[in-house]
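# Per-entry structural report
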Amino acid sequence: MTIYLVNLLLIGSVMFLSTRYHETTHGKGIYLTKRWGLVVVTILLGGVASIRWDVGTDFFSYTSIFQLVHKLSFSEAIRWTGEPLFNVMAWLVMAITENVQVVFAMCSFATVGMIVSALSRYSAYVPLSIYLYVTSMSYYSAFNGVRQWLAAAIVFYSYRYLFSNRTRFFALVLLASMIHNSAFIMIPLYYFVRKPFFRRANLYVTLVFIGLNLFFDRVLNLFFKILSFTPYAHYTDWFLIPGNEAHVLRLLVALAPLLVSILLYNRLKGRRLDLDVLMNFSLLNALVMLLATRNWIFARFTPYFELFNLVLIPHFLTIRDTGFRRFLLLMIVGLYLVLMLLLLPRESNLVPYQTIFDAVL
């Protein structure tokens, strides 16, 4: 776990050196992070993800996929699954390098690069967003579900088009769906998240998810039947594995930013026009994670939602009360660090961290 802690320390140092406070013409200050800092952080995060070996539960599954794609012709690769763009990307890299590790590197840098770029555009305080990206386990979750996190990064990067250009947003979602089909979920959710947070629909949706959690076993068979008509029918086996539930800490982490934003809503609303949208995403993340406490498979949908918490949480620090703002910052930094230290040894074969150089030796 040493490499993770050292990398976090390096990232924090880079963010500290590259971020400065600037006064605006309206008397309000903003924090700006220089581009070189974002580039270095992307290299640090992408590098650690790229050179890992046998880290993450899906590592060898993806290794097998990349090797199999390499044996196909280009036309066969396109038709192989319902995610042709990912197949083509893997096929091209394998055709050039014949090295699966390069495919991992391509996916890692693309995912990290788009997320860091999006955070630099949307976050009120980029260093805190980057810190949360690592300590909230979002970064490490991408060591599993490589395709899905790449698709989620594309959706997150396209956030600005959620307001300004529906056609472009849908186009990028369709592009993401050619990497992982689950990205299609963002098309109907486009109409859900753009509404005010405090509305009856959100209450009804919340009650439905609570009901699903309470009567989970009864609806499981119906879910199996629905899943059988999708390319993910094999995930049915996951429900038969005992102890395959998300840690309760994951649910608490998902609930915390939502509850705090509700409590601070009146103090935050006038300072960010998209507050309701961010809170709607946070609500979806918490509700899906509630189901994940019954079975981890549902957490596969959270990448599309949890990234928006990385924008929502730093917005808490825009309130005018300086003392409370400092208290919040200390609590956020401390608690998320504890979270990372608790979950890293427990989840997804992340520890011990090994590199390709260890494998060669």
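Attention here is on the structure that accompanies the text.

Reading the values: the criteria
Residues numbered from 1 in each chain as written. Predicted model: local features only at pLDDT ≥ 70, side-chain atom pairs only at ≥ 80, totals over all residues. Heavy atoms only, no water. Helix = DSSP H or I, 4+ residues; strand = E, 2+ residues; numbered from the N terminus. Rg over C-alpha atoms; globule rule 2.2 N^0.38 Å. Buried < 20%, exposed > 50% of the residue type's maximum accessible area, 1.4 Å probe, protein only. Contact = heavy atoms within 4.5 Å. Areas by Shrake-Rupley, 256 points an atom, 1.4 Å probe, with all protein chains shown as cover. Axes fitted to C-alpha atoms, helices over the stretch in contact; angles between N-to-C directions. Parallel < 35°, antiparallel > 145°, perpendicular 65-115°, else oblique. Left-handed = near helix turned anticlockwise from the far one by under 90°. Nonpolar A, V, L, I, M, F, W, Y, C, P; charged D, E, K, R; others polar. Expected span 1.5 Å × (residues − 1). Arc of directions from axis to C-beta. Polar contact = N/O pair within 3.5 Å; in protein donor to acceptor, adjacent residues only side chain to side chain. Salt bridge = Lys/Arg side-chain N within 4 Å of Asp/Glu carboxyl O. Core = buried A, V, L, I, M, F, W, Y, C linked by side-chain atoms within 4.5 Å.

A separate point is the overall build of the chain. On a plain count of helices and strands, the chain comes out with 21 helices and 2 strands. The C-alpha radius of gyration of the chain comes to 20 Å, within 12% of the 21 Å expected for a compact globule of 361 residues. Dimensions of the chain, computed from C-alpha atoms along their principal axes, come out at roughly 60 × 50 × 40 Å. For the chain, the residues scored as buried account for 51% of the 361 residues in total. Sequence-distant contacts in the chain: of pairs separated by 6 or more residues, those separated by 24 or more amount to 74%. Here the chain has roughly 17,400 Å² of accessible surface; of this, 67% comes from carbon and sulfur atoms.

Where helix α15 (residues 248-263) contacts helix α20 (residues 322-343), the two axes come as close as 11 Å, and the packing angle between them is 160 degrees. Classified by the angle their axes make, α15 and α20 are roughly antiparallel. The chirality of how α15 crosses α20 is left-handed. Taken together, the residues of α20 that come into contact with α15 (itself represented by L249, R250, V253 and P257) are Y336, L339, L342 and L343. Here the residues of the contact of α15 with α20 sort into 7 nonpolar, no polar and 1 charged.

Let's shift gears to the side chain of S158. Residue placement: S158 occurs in the loop between α9 (146-157) and α10 (161-164). With relative accessibility at 0%, the residue S158 sits in the buried group. Those residues in contact with S158 that sit more than four places away from it in its chain are Y122, F169 and L172.

Further remarks concern unusual backbone geometry. The amide bond that connects V351 to the next residue, P352, takes the cis arrangement and shows omega of 5 degrees. By the element assignment, P352 lies in the loop between α20 and α21 (356-360). In this model, D54 sits at a positive phi of 55 degrees, which is unusual for a non-glycine residue. Structurally, D54 can be placed in the loop between α2 (35-50) and α3 (59-71). Residue classification places D54 among the partly exposed residues on the basis of a relative accessible area of 27%.

Along its 22 residues, α20 runs 32 Å from first to last C-alpha, staying within 8% of the 32 Å computed at 1.5 Å per residue. For α20, every residue scored as buried is listed here: L328, I332, Y336, L339, M340 and L343. Projected down its long axis, α20 carries its buried residues within an arc of 95 degrees, all on one side. Exposed and facing more than 90 degrees away from the buried side of α20 are R326 and L330. Between a side-chain oxygen at the N-terminus of α20 and the backbone nitrogen of G323 the separation is 3.2 Å; the capping residue is D321.

As enumerated under the stated definition, the model contains 4 salt bridges in all. We note a salt bridge from E83 to R147, for which the minimum N-O separation is 2.5 Å. Here E83 is found in the loop between α4 (74-80) and α5 (84-97), whereas its partner R147 is found in helix α9, with 64 residues between them in sequence. The buried category is assigned to E83, whose relative accessible area is 4%. Judged by its relative accessible area of 16%, R147 is buried. In this structure, the salt-bridge partner of K269 is D276, at a minimum N-O distance of 2.6 Å.

One finds Y139 and Y140 to be the most contacted residues of the largest nonpolar core, which totals 119 residues. With 14 residues, helix α17 (residues 275-292) is the single largest residue contributor to this core. In this structure, Y140 is in contact with Y4, V134, M340, L344 and L350, ignoring residues within four places of it in sequence.

Geometric descriptors of this kind do not, in isolation, establish any biological role.
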